[in-house]
Amino acid sequence: MADLSNPVARRATLLLAKTYGAPLSRNIVAFLDGEGLLARAADRINAAFPVWVRRRPVGVELDVTPLVSALMLSLAAEASGDPEGVGQELADLYEASGPERDELVQKLLDRLGGANMRLASVDAQKLAERLLVASDGHVPPQRREAA
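### A closer look at the overall build of the protein chain
- Each helix and strand counted, the protein chain has six helices and three strands in total.
- Each helix and strand of the protein chain, ordered N terminal to C terminal, gives the series α-α-β-β-β-α-α-α-α.
- Scored against the burial criterion, the 147 residues of the protein chain give a buried share of 19%.
- In the protein chain, the proportion of contacts linking residues at least 24 apart, taken out of those at least 6 apart, comes to 46%.
- Of the roughly 10500 Å² of accessible surface on the protein chain, 58% is carried by carbon and sulfur atoms.

Here it is as structure tokens:
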């Protein structure tokens, strides 16, 4: 069954029902929605590298494409300046394992600009709220103790 709380699925059902009737349109939309083809709109969280939060049937999707793109462009810039050196470094990283691999990855990330994101307080709060909404989370109210 399609998730009709999803506005995209609801709209698709209405549009398809005009041509194929309600029962078939619900089946088509349920299939498309189950395959992840009727994604809800994502909420954008502003930062130096924006993050998009999207609810999924079994959790939450965080899209951090701008951060990953920046890291890839930094790696490409280094590779254009020293193709053999960067190639050897990546080969060494690929062949390493365990703590050695972790250390090599961290050194590379640090040199490329890092993978940490800093959010302003208001954006961090917005991200937390979007994650709770997207995950159907519930934070119980805090009880105040009597003084």
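### Notes on the packing of helix α1 (residues 7–20) against helix α2 (residues 22–34)
- For the pair α1 and α2, interaxial distance at closest approach is 8 Å and the crossing angle is 140°. Between α1 and α2, the angle is such that the two are oblique. The handedness of the crossing between α1 and α2 is right-handed. The residues of α2 that touch α1, namely those facing Ala9, Ala12, Thr13, Leu16, Ala17 and Tyr20, are Ala22, Leu24, Ser25, Arg26, Ile28, Val29 and Asp33.
- Taken together, the residues of the contact of α1 with α2 break down into nine nonpolar, two polar and two charged.

What counts as what
Residues numbered from 1 in each chain as written. Predicted model: local features only at pLDDT ≥ 70, side-chain atom pairs only at ≥ 80, totals over all residues. Heavy atoms only, no water. Helix = DSSP H or I, 4+ residues; strand = E, 2+ residues; numbered from the N terminus. Buried < 20%, exposed > 50% of the residue type's maximum accessible area, 1.4 Å probe, protein only. Contact = heavy atoms within 4.5 Å. Areas by Shrake-Rupley, 256 points an atom, 1.4 Å probe, with all protein chains shown as cover. Axes fitted to C-alpha atoms, helices over the stretch in contact; angles between N-to-C directions. Parallel < 35°, antiparallel > 145°, perpendicular 65-115°, else oblique. Left-handed = near helix turned anticlockwise from the far one by under 90°. Nonpolar A, V, L, I, M, F, W, Y, C, P; charged D, E, K, R; others polar.

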